[in-house]
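# Observations on chain architecture
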Amino acid sequence: MRRLGLVIAAALVVTAHAQAATLTVAPRDFSPLRATLRVSAQLSLERQVGVRLVRPNGRPVGWIVAPSRRRTLAIGWGGRIGGKRVPDGNYEVRLVYRSSVLATAPLRIDTHPPDLFGLHADNGNTPFAGDNALLTTISPNGDNFRERANISFRLKEPATVTMDVTRTVKAPRSFYTLTAKLGRGPHTITWVPGSNLNPRTYLIQLTAVDRTGNRIVYGAPNAFVGRHPRGVVVRIQGVDAGFAKPSYLPGDIAQIHIATDAQSLSERVFHSGPEQVITYADNQFAGVEVDSEPTSLDWSAWRDVSHTILFQVPDLPSGLYYVQFTAADGRVGYAPFVVRPVILGQASRVLVVLPTNTWQAYNFQDVNGDGYGDTWYAGPPNRTVNLGRTYIARGAPPRFYRYDLPFLHWFYWSGKQAEFISDSDFDSIASGDQLAAAYDLIVFEGHEEYVLPHEYDVVQRFRDLGGNLMFLSANNFFWKVQKKSRNTLLKIGRWRDAGRPEAALIGVEYRANDDGQHQGLFTVQNSAATPWLWAGTGLADGSTFGQFVGGYGIEIDSLAPQSPPGTTVVAQIPDLLGPGLTAQMSYYETPAGAKVFAAGTLDFGGSATFWPVKHILDNLWARLSQP
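Residues numbered from 1 in each chain as written. Predicted model: local features only at pLDDT ≥ 70, side-chain atom pairs only at ≥ 80, totals over all residues. Heavy atoms only, no water.

## With respect to the overall build of the protein
Helix and strand counts for the protein stand at 9 helices and 43 strands. For 627 residues, the compact-globule estimate of 2.2 N^0.38 gives 25 Å, and the C-alpha radius of gyration of the protein, at 35 Å, exceeds that figure by more than 25%. The principal-axis extent of the C-alpha atoms belonging to the protein is close to 130 × 60 × 40 Å. Here the protein, with 627 residues, has 56% of them falling under the buried criterion. For the protein, the proportion of contacts with a sequence separation of at least 24, taken over those separated by at least 6, is 70%. Accessible surface, the protein as shown: approximately 26,400 Å² in total, 51% of it carbon and sulfur. (Helix = DSSP H or I, 4+ residues; strand = E, 2+ residues; numbered from the N terminus. Rg over C-alpha atoms; globule rule 2.2 N^0.38 Å. Buried < 20%, exposed > 50% of the residue type's maximum accessible area, 1.4 Å probe, protein only. Contact = heavy atoms within 4.5 Å. Areas by Shrake-Rupley, 256 points an atom, 1.4 Å probe, with all protein chains shown as cover.)

## With respect to unusual backbone geometry
In this structure, the amide linkage connecting Ala26 to the following residue, Pro27, adopts the cis form with an omega of 0°. Cis geometry marks the peptide bond from Trp611 to Pro612, where omega comes out at 0°. For Pro612, the location among the structural elements is in the loop between strand E43 (595-598) and helix H9 (613-624). With a phi close to 60°, Asn144 is a non-glycine residue in the positive phi region. Along the chain, Asn144 turns up in the loop between strand E10 (135-138) and strand E11 (149-155). Of note, Asn475 is a non-glycine position whose phi angle comes to about 55°, a positive value. Within the secondary structure, Asn475 sits in the loop between strand E32 (468-471) and strand E33 (479-485). Note on Asn475: relative accessible area 3%, which makes it buried.

## Some points on the layout of surface pockets
Reported here for the largest pocket is a volume of approximately 1,300 Å³. Taken together, the elements giving at least two residues each to the lining of the largest pocket come down to strand E12 (159-168), strand E15 (200-209), helix H2 (356-361), helix H3 (400-403) and strand E35 (509-513). Split by residue class, the lining of the largest pocket holds 24 nonpolar, 9 polar and 13 charged. (1 Å grid on protein atoms, 1.4 Å probe; cavity = no way out; pocket = protein on both sides within 12 Å on 5 of 7 lines; lining within 4 Å. Points joined across faces, edges and corners; volume = space filled by probe spheres on them. Nonpolar A, V, L, I, M, F, W, Y, C, P; charged D, E, K, R; others polar.)

## Concerning the sheet that holds strand E27 (residues 350-354)
Backbone hydrogen bonds are what pair the strands of a sheet, in a parallel or an antiparallel way. The strand order E29-E27-E30-E32-E43-E42-E41-E37-E38 describes an open sheet built from 9 strands, whose pairing is mixed. Only two strands of the sheet have a single partner each, and these edge strands are strand E29 (419-422) and strand E38 (544-545). As paired elements, strand E30 (residues 441-444) and E32 share 4 bridges and run parallel to each other. Residue pairing in the sheet places Phe444 in a bridge with Phe471 of E32. (Pairing = 2+ DSSP bridges.)

## Brief notes about the nonpolar core
If you look at the biggest cluster of nonpolar residues, it comprises 53 residues, and the most contacted ones within it are Phe545, Phe597 and Phe604. Looking at this core element by element, the count peaks at 6 residues for H9. If we ignore the near neighbours within four places in the chain, the residues touching Phe545 are Leu521, Phe522, Val524, Trp534, Leu539, Tyr552, Ala571, Met585, Phe604, Pro612, Val613 and Ile616. (Core = buried A, V, L, I, M, F, W, Y, C linked by side-chain atoms within 4.5 Å.)

## Digging into empty space enclosed by the protein
Scanning the model with the defined rule gives 1 cavity of 30 Å³ or more in all. Considered as a void within the structure, the largest cavity measures approximately 140 Å³ in volume. As for the largest cavity, its lining consists of 18 residues, and the residues nearest its centre are Lys245, Pro246, Pro336, Gln360 and Tyr391. If you list the elements that add at least two residues to the lining of the largest cavity, you get strand E18 (240-243), strand E26 (332-339) and H2.

## Focus: the packing of helix H4 (residues 405-413) against H9
Orientation of H4 relative to H9, taken along the N-to-C sense of each, is 65°, at an axis distance of 11 Å. In this view, H4 runs roughly perpendicular relative to H9, as classed from their interaxial angle. Like other packed secondary-structure pairs, H4 and H9 cross with a definite hand, here right-handed. Of the residues in H9, those touching H4 at Phe407, Trp410 and Phe411 are Lys614, Leu617, Asp618 and Trp621. When the residues that make up the contact of H4 with H9 are grouped by side-chain class, the tally is 5 nonpolar, no polar and 2 charged. (Axes fitted to C-alpha atoms, helices over the stretch in contact; angles between N-to-C directions. Parallel < 35°, antiparallel > 145°, perpendicular 65-115°, else oblique. Left-handed = near helix turned anticlockwise from the far one by under 90°.)

## Considering the confidence of the model for the protein
Residue-level pLDDT values for the protein average 94, and 97% of them are 70 or greater. Within the model, pLDDT remains below 50 along residues 1-18, and this stretch shows 5 contacts once partners closer than five positions in the same chain are excluded. (pLDDT = per-residue confidence, 0-100.)

## Some thoughts on H4
Counting buried positions along H4 yields 7 of 9 residues, so the element is predominantly enclosed. Residues of H4 that are buried include every one of Leu405, Pro406, Phe407, Leu408, His409, Trp410 and Phe411, and no others. The inward-facing, buried residues of H4 abut strand E25 (319-327), E27, H3, E29, E30 and H9. Following H4 by one or two positions, Gly415 adopts a phi angle in the positive range, close to 75°.

## Focus: the sheet that holds E33
Across the sheet, 4 strands lie side by side as E28-E34-E33-E31; this open sheet has mixed pairing. Two strands bound the open sheet, and with one partner strand each, they are strand E28 (384-386) and strand E31 (450-451).

## Structural notes on helix H6 (residues 453-464)
Compared with an ideal rise of 1.5 Å per residue, which puts 12 residues at 16 Å, H6 spans 16 Å between its outermost C-alpha atoms and is within 8% of the ideal. Considered for burial, the residues of H6 that qualify are Glu455, Tyr456, Val458, Val459, Phe462 and Arg463. Within two residues after H6, Gly466 carries a phi angle of roughly 100°, on the positive side. (Expected span 1.5 Å × (residues − 1).)

## Considerations on the pattern of salt bridges
If you walk through the whole model with that rule in mind, you get 22 salt bridges. One salt bridge connects Arg461 with Asp433, and the closest N-O pair in it is separated by 3.1 Å. Of the two residues, Arg461 is situated in helix H6 and Asp433 in helix H5 (residues 432-438); the sequence distance between them amounts to 28 residues. Among the charged side chains, a salt-bridge network with shared partners connects Arg146, Asp261, Asp304, Asp329 and Arg331. (Salt bridge = Lys/Arg side-chain N within 4 Å of Asp/Glu carboxyl O.)

## A look at the pairing of E15
The two faces of a sheet get side chains in turn, since along a regular strand they alternate between them. Most of E15 is tucked away, with 9 of its 10 residues classed as buried. The pairing of E15 with strand E17 (residues 232-236) spans 5 bridges and is antiparallel. Bridging from a neighbouring strand, Tyr202 pairs with Val234 of E17. In this sheet, strand E16 (residues 215-218) lies alongside E15 in antiparallel orientation, the contact comprising 4 bridges. When the sheet's bridge partners are listed, Thr207 is paired in E16 with Val217. The loop that links E15 with its antiparallel partner E16 comprises 5 residues; one of these, Gly213, has a positive phi angle of about 95°.

See below:
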């Protein structure tokens, strides 16, 4: 009887201890990679207590807090015992006094993110050729065919899933977000874009977060990150059309690659430049139609696969042209091409070079469907661009309407005469001697940044023989490129690092770029050295211009030690991009009679139709077009 009484008394003591102690752990679903576990305890009396972690079968893992005398406890635990990470699983946290458990709390340790199993996409209809589990083609034009992108996956645990639809350049830029709390099992998230989005690929980034805060992102943060879970890519298709090469002779049989799910197309040819219309968007072309009878194409057999048609280049004067393809639903695609002269110098002693290499370098068309543009501007280590790709913005070359088209307008509206080539056509020119025999002036109207060795050689020889040069942009002859194949450019390095600084040819060299954050006004100086340049403008030393376009800048050039002797700064924008980073417009002449003008800012040619630049160009043309 006495023994039974002692047992009952001991049980009462343990019960009293248990009632007098509390144990709290938070969060109960715990990821040591994302948070610190908060462990707190409180006792009514000071005791020799510790906190122990045990498995569900009661087997101890170890002490979270070693026993010591205490009445309260509050610590943060990082998920390690004995210096080792505790494996994922279900556990029990115990407040222990001697051999007695005073209080318990469940704990689940989970460091694994909520994988999206079986991630795939479809368009709800038939796939387009080249589509795969993570690439689907849609065309949201209201015809109930490939209108939406369905992204499907399966979860093994509940998670919050966020879908970000992004445009990619060097990194994804989200413009549409959808978040949902989802349970275990299969799920489908649908994106139905508006019909006004540019045809291109869009990277769908999916972020899944579980109850413990573990997070996983599908969709690489840049084009070249390794071992990153792939996201879904949605290709919005319009009328994607482009020539296989940048330029042709009249009468050539050209190839045009077209991808669209339109059932029929109309085909019309336009001349870019003479039109009395101002274009205000990167994805638009305007021109003068060269054939009033459009051609109709039955495209019903090619709705699911790209197809190449043959096109005979009409007998047209040298210049920039485009074929416009229009679907019945109003979707439009442009395929620009250059018509080069059959005989150099036959129609004019002035040659205008269109920067098709630069256009393709800035073309973020994503042919391989990884969500990023196939260009070195998507980021290193990509070093190639293909010259036969369609342009991303419905076929209009990048920045054409801002930097190139205004020059063409000034050229045609002022009645000038010239022949045109693409910069790829220098391959077909034998030498600078041939150029000098055919032309007195070569105009680089746009951003001539990427230059093959042969182009550099013949242009330099042309200048050395007394040929005149006009550069209406900045950052010209900067990168050395080579042909990796017939239609692919390989980026090698800077020409100045190869021992051929661009300033020795142009007069100035590239200095800096701030993407147009600072725009400034040119101030005329040394006007007595080039009075013909300012004639009729009303400008003199100290005069400024550029107010009419909000100033100049973006990329700037300045004189360098390698600038030819006698190179004169005729106008400048002091310290535009910082102390010493001054944009300089320059002019020099050589003993052989060459006259070379360089604008010094990227966007100078883009103001060709505004006063006083249009008069400055008239003056330049009058002087430099003469031998």
